[in-house]
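Each chain, written out:
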Amino acid sequence: MNVHYFKSETALKIRAYLDMHLPRYTELLRAMVEINSFTRNQTCVNRLGDYTNKVFSELGFIPERVASVIPAYGKHLVLTRRGAGGRTIGCVSHLDTVYSPEEEEMNDFMWRVQGDRAYGPGTEDIKGGTIVMLMTLEAVRHAAPGLFEEVAWTLLFDASEEMESDDFGVLCRERLGRSALGCLVFEAGIIRDLNFSLVTSRKGRAEFRITVSGKGAHSGAAHRKGASAIVQVADVIKKMEALTDYSRGLTVNVGRVAGGSLVNRVPHSAEAFAEMRAFSPEVFEAALDEILKLNGYSSVSSADGRFSCKTAVEIVRRVPAWPDNPGSNRLLGLWQSAGELLGVRAIQEKRGGLSDGNFFWDSVPTIDGLGPSGGNPHSSERSPDGSKEQEYTVISSFAPKALLNAMAVIHMIESW
Ligand SMILES: [Zn+2]
């Protein structure tokens, strides 16, 4: 990746530093990838937390471990460094990955460098991001030590980002307060040619469980007495899916359905699992209302009129939407100016997937996608014909991305 950054002394200084230290960063990444940190692998998530603490302690960070609300998960890691100026900048990454040790073993999924790609569990999501966070901080300290000292840095590492972990969002809100300059999230960001994608909004998501109770009956002898839960759930599914409206960034997906037992029985029960996503909180809330109206809904009765099916809709989990907002756009502006100086373009991306940023963008200006470029996140399989490939990160994207981040952060501190 060839970045033209000749217009700035600071940029030149940073790039030279990052290039010189790239072998060290690659080694640190390898060490992190070799610690399995599947969310449910509590001991090893904690081990990765210890290792991460050790790596950042060189920069003068003080660690604190915060227990997850779910006792089976590892501890969140908070690293802080006092600043002379009193203003805080937050940085967020996570410790966990989606791969169990068994899966890694089964698919022979481990650290492997091939050309410019480093394959392995969490290389893109998100250990590569943690390394780019480190590179960004070291770059700022190297090129602008005075500014680095002025900032109170708070680094937060989620132990269970890949699972239900609303408590970490609460922790971020608490620790960053409302006066932080910004929060930087280091999920991956695609880089194509000189275009660097940065995330300034993400969809919110609600997950639902739909259960229908019908009435079982002999499908030959007493068909008129039966009320089919499957026909009822099918009606509910069609109503839910019909809410999808791409023009408003709203999608509903019924992802799993089950019901009935034997073919000679009118099915007495059925259930479905669904999710709804939207960027705008208004659209999100309106769709949520529509879906919850289906709680108690009944449109299917037995032919003898004695029994009507009953639908129950419950929310299993909800993650708030992160809509387009002035705070995130202001941060994007800093990245865009830094990009201009470096001869690259910072491109705004609105992403359908969730991150920890969904939980605190309304409390602290937040920007995401600050990690390196890569591909195949959450994929461990590999096929000989190349149609399936494992998660990887692009090594040559690390220094340019950290440089862009560092320049933007320096502008951010300078413009206090
Ligand atoms: Zn992630």
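Source: prediction; values computed, not measured. (Residues numbered from 1 in each chain as written. Predicted model: local features only at pLDDT ≥ 70, side-chain atom pairs only at ≥ 80, totals over all residues. Heavy atoms only, no water.)

*Asks:* I tried to follow the confidence of the model for the chain on my own but got confused; where do I start?
*Replies:* The predicted coordinates should not be examined in detail at positions where pLDDT is low. Per-chain confidence: the chain averages 96 in pLDDT, with 98% of residues scoring 70 or above. Long-range and interchain partners of residues 1-5, a stretch whose pLDDT sits below 50, account for 22 contacts in this model, where long-range means more than four residues apart. (pLDDT = per-residue confidence, 0-100. Contact = heavy atoms within 4.5 Å.)

*Asks:* What should I look at first to understand the sheet that holds strand E10 (residues 204-213) in this one?
*Replies:* Where strands meet in a sheet, backbone hydrogen bonds hold them as pairs that are either parallel or antiparallel. Taken in spatial order, the 4 strands of this open sheet run E12-E14-E10-E15, and their pairing is antiparallel. Strands with a single pairing partner mark the edges of an open sheet, and in this sheet they are strand E12 (251-259) and strand E15 (310-319). If you compare each strand with its neighbour and ignore which way they point, the axes differ by 20 degrees on average. Here E12 runs beside strand E14 (residues 269-278); their pairing, made up of 8 bridges, is antiparallel. Looking across to E14, one finds that Arg 256 is bridged to Phe 273. The strands touched by helix H8 (residues 281-292) are E10, E12, E14 and E15; relative to E15, the strand with the most contacts, the crossing angle is about 155 degrees. (Pairing = 2+ DSSP bridges. Helix = DSSP H or I, 4+ residues; strand = E, 2+ residues; numbered from the N terminus. Axes fitted to C-alpha atoms, helices over the stretch in contact; angles between N-to-C directions.)

*Asks:* What is the right way to read the coordination of the zinc ion from this model?
*Replies:* Each angle at a metal carrying four tetrahedral donors should ideally be 109.5 degrees, and each at a metal carrying six octahedral donors should ideally be 90 or 180 degrees. Within the first shell, the zinc ion binds the protein through His 94 (NE2), Asp 125 (OD), Glu 187 (OE) and Glu 187 (OE), at distances of 1.9 to 2.4 Å. In this structure, the zinc ion is coordinated by 4 donor atoms arranged in irregular fashion, with angles at the metal of 54 to 139 degrees. All donors to the zinc ion come from one chain, and their sequence spacing reads H-x30-D-x61-E. Residue His 94 is found in strand E3 (residues 88-94), and its partner Glu 187 is found in the loop between strand E7 (182-185) and strand E8 (191-192); the two are separated by 93 residues along the sequence. (Donors = N, O, S within 2.8 Å, 3.2 Å for Na, K, Ca; no water. Tetrahedral: all angles 85-135°; square planar, octahedral: opposite > 155°, others 65-115°.)

*Asks:* Is there a simple way to explain helix H6 (residues 166-176) in this structure?
*Replies:* Each full turn of the α-helix corresponds to 3.6 residues, which orients residues three or four apart in the same direction. For H6, the full list of buried residues reads Asp 167, Phe 168, Gly 169, Leu 171, Cys 172 and Leu 176. The elements touched by buried residues of H6 are strand E1 (62-66), strand E2 (76-81), E3, strand E6 (152-158) and E7. One or two steps after H6, the chain reaches Gly 177, where phi turns positive at roughly 65 degrees. (Buried < 20%, exposed > 50% of the residue type's maximum accessible area, 1.4 Å probe, protein only.)

*Asks:* So what exactly am I meant to see when it comes to the packing of aromatic side chains here?
*Replies:* The geometry of two aromatic rings is summed up by the distance between their centres and the angle between their planes. If you walk through the whole model with that rule in mind, you get 5 aromatic pairs. Consider the rings of Phe 56 and Phe 157, whose centres lie 5.7 Å apart with planes at 55 degrees: the pair is tilted. Residue Phe 56 is found in helix H2 (residues 42-57), and its partner Phe 157 is found in strand E6; the two are separated by 101 residues along the sequence. There is no split in this pair, since Phe 56 and Phe 157 are both buried. Three or more aromatic residues link up through ring pairs in this structure, and these residues are Phe 56, Phe 61 and Phe 157. Taking the ring centre of Tyr 392 as reference, the NZ or CZ of Arg 117 above it sits at 3.9 Å. (Phe/Tyr/Trp six-rings, centres within 6.5 Å; stacked < 30°, edge-to-face > 60°. Lys NZ or Arg CZ within 6 Å of the ring centre and 35° of its normal.)

*Asks:* Would you mind going over the state of the cysteines with me for this structure?
*Replies:* Covalently bonding the sulfur atom of one cysteine to the sulfur atom of another cysteine gives a disulfide. In total, this model carries 0 disulfides according to the counting rule given. The structure places no disulfide on Cys 183, whose sulfur is separated from the nearest cysteine sulfur, that of Cys 172, by 6.1 Å. (Disulfide = S-S within 2.5 Å.)

*Asks:* Any chance you could explain the packing of helix H1 (residues 9-33) against H2 here in plain terms?
*Replies:* The relative placement of two packed helices is expressed as an angle between their axes plus a distance between the axes. Close contact between H1 and H2 brings their axes to 10 Å; oriented N to C, the two are set at 165 degrees. Judged by the angle between their axes, H1 and H2 are roughly antiparallel. Considering only the axes of H1 and H2, their crossing is right-handed. Two secondary-structure elements touch here, H1 through Leu 28, Ala 31 and Met 32 and H2 through Leu 48, Tyr 51, Thr 52 and Val 55. A breakdown of the residues in the contact of H1 with H2 according to their chemical character gives 6 nonpolar, 1 polar and no charged. (Parallel < 35°, antiparallel > 145°, perpendicular 65-115°, else oblique. Left-handed = near helix turned anticlockwise from the far one by under 90°. Nonpolar A, V, L, I, M, F, W, Y, C, P; charged D, E, K, R; others polar.)

*Asks:* Hey, could you run me through the pairing of E3 in this one?
*Replies:* Every regular strand shows the same layout, with side chains that alternate between the two sheet faces. Most of E3 is tucked away, with 7 of its 7 residues classed as buried. Burial along E3 is two-sided: the residues Thr 88, Gly 90, Val 92 and His 94 and Ile 89, Cys 91 and Ser 93 are all buried. Note that E3 and E6 share 7 bridges and pair parallel. Across the sheet, residue His 94 finds its bridge partner in E6, namely Asp 158.

*Asks:* What's the story with H2 in this structure? I'm lost.
*Replies:* For H2, built from 16 residues, the straight-helix expectation of 22 Å at 1.5 Å per residue is met to within 8% by its first-to-last C-alpha distance of 22 Å. Along H2, the residues classified as buried are Cys 44, Val 45, Leu 48, Gly 49, Tyr 51, Thr 52, Asn 53, Val 55 and Phe 56. Buried residues in H2 make contact with H1, E1, E2, helix H4 (123-143) and E6. (Expected span 1.5 Å × (residues − 1).)

*Asks:* Which parts of the structure should I look at to understand the environment of His 76?
*Replies:* The topology assignment puts His 76 in strand E2. His 76 sits 19 residues away from Leu 95 along the chain, and the two C-alpha atoms are 8.1 Å apart. Look past the residues within four positions of His 76 in its chain and what remains in contact with it is Glu 64, Arg 65, Val 66, Ala 67, Ser 68, Phe 157, Asp 158, Ala 159, Ser 160, Asp 167, Phe 168 and Leu 171. Here the side chain of His 76 touches Ala 159 through a polar contact of 3.0 Å, landing on its backbone nitrogen. A distance of 3.0 Å separates polar atoms of two side chains, one belonging to His 76 and the other to Asp 167. (Polar contact = N/O pair within 3.5 Å; in protein donor to acceptor, adjacent residues only side chain to side chain.)

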